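Here is what each chain is made of, one letter per residue.
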Amino acid sequence: MTERQVTMNFQEEPKSIQKRFGLWLLIPEIIVIIVLFIFAKEWKGSLQVQRVVVSGVRLLPASDVYGWAKVPMKSALFAVPLADIYARVSAQPFIRSVSVSRQLPDAVLIQVAEREPIASLNMGQMYFVDGDGVLLPYRHTETRLDVPVISGVTGIERPNLGEIALSNELFQAIEVLKTARDVDPSLYRVISEINMNNGDDILLFLVDGGVPITLGRGDIAKKLVTFHSFMNDVLKKEDPKKLRSIDLRFDEQVVVKWDQKTERYPKTGSL
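Residues numbered from 1 in each chain as written. Predicted model: local features only at pLDDT ≥ 70, side-chain atom pairs only at ≥ 80, totals over all residues. Heavy atoms only, no water.

Q: Give a detailed account of the packing of aromatic side chains, specifying residues and quantitative values.
A: Scanning the model with the defined rule gives two aromatic pairs in all. With a centroid separation of 4.7 Å and 35° between ring planes, the pair formed by Phe128 and Tyr138 is classed as tilted. Highlighted residues: Phe128 in strand S5 (residues 126-130) and Tyr138 in the loop between strand S6 (135-137) and strand S7 (149-151), separated in sequence by 10 residues. Judged by centre distance (6.2 Å) and plane angle (35°), the ring pair of Phe227 and Phe230 falls under tilted. Placement of both Phe227 and Phe230 in helix H6 (residues 220-233) is noted, with a separation of three residues, approximately one turn of the helix. For the pair Phe227 and Phe230, a shared accessibility class is recorded, and that class is buried. Directly above the aromatic system of Tyr188 lies the positively charged group of Arg181, at a separation of 5.8 Å from the ring centroid. (Phe/Tyr/Trp six-rings, centres within 6.5 Å; stacked < 30°, edge-to-face > 60°. Helix = DSSP H or I, 4+ residues; strand = E, 2+ residues; numbered from the N terminus. Buried < 20%, exposed > 50% of the residue type's maximum accessible area, 1.4 Å probe, protein only. Lys NZ or Arg CZ within 6 Å of the ring centre and 35° of its normal.)

In structure tokens, the structure reads:
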């Protein structure tokens, strides 16, 4: 054997020993990992559903969401079918969106976003409707819903709860209420009813005394801004009990009937 061969064998032997020694050192680590995996699996399987946490509700009673969810209590937490719970809750008309998750060590968390009615809809039977035109059941809510009534709407023969009611008149009524709310929330709150009048001039009715306001059609935002100015600058100074009717169909003025007289505001200048 040559000197070069002896030197190579001498150098390779320590490397081989180091490699085998390294493999032996890995064995305890592998065992620890396996033990931890088994322990984690057993711990995971031992977790049970003890609580259902409902968040995001304001209009709906949390108990209703709990009832719709039908979470199997005392069952294995990681065996609970979250997709089924999601499907049951999201199918409810008042629910805009929902997420369902597990909350260690013992809870199912249901987070909801509700549809908020912008008005109630009178079609012989009462419904709620939200800003997207989705029909909602007329039901008791945790927060009292003081919203205007929409009436005089035709063309919705078979409303399906939880779906958008396909009616141009209803959409226009909703836009009037949205515009009033955008002008000033107080303007939205003084409206008790919006009557679409079967396609004729739109009528509004005030909360105080049910005073009728003829809104007409077109230039809705401009008319509501004019009325808002009249409400703040004139109506607050007068006796509302003497008010009989308001007409907003005329350009940039408000025609008002009181008990004994009819006046036009503004006569000159602005409100």
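Q: Please set out the pattern of salt bridges residue by residue, giving values where relevant.
A: Using the criterion set out here, one finds 13 salt bridges in the structure. Across the salt bridge formed by Arg217 and Glu169, the nearest N and O atoms sit 3.0 Å from each other. One end of the pair, Arg217, is in the loop between strand S10 (212-216) and H6; the other, Glu169, is in helix H4 (residues 168-183), and 48 residues separate them in sequence. The partly exposed category is assigned to Arg217, whose relative accessible area is 29%. (Salt bridge = Lys/Arg side-chain N within 4 Å of Asp/Glu carboxyl O.)

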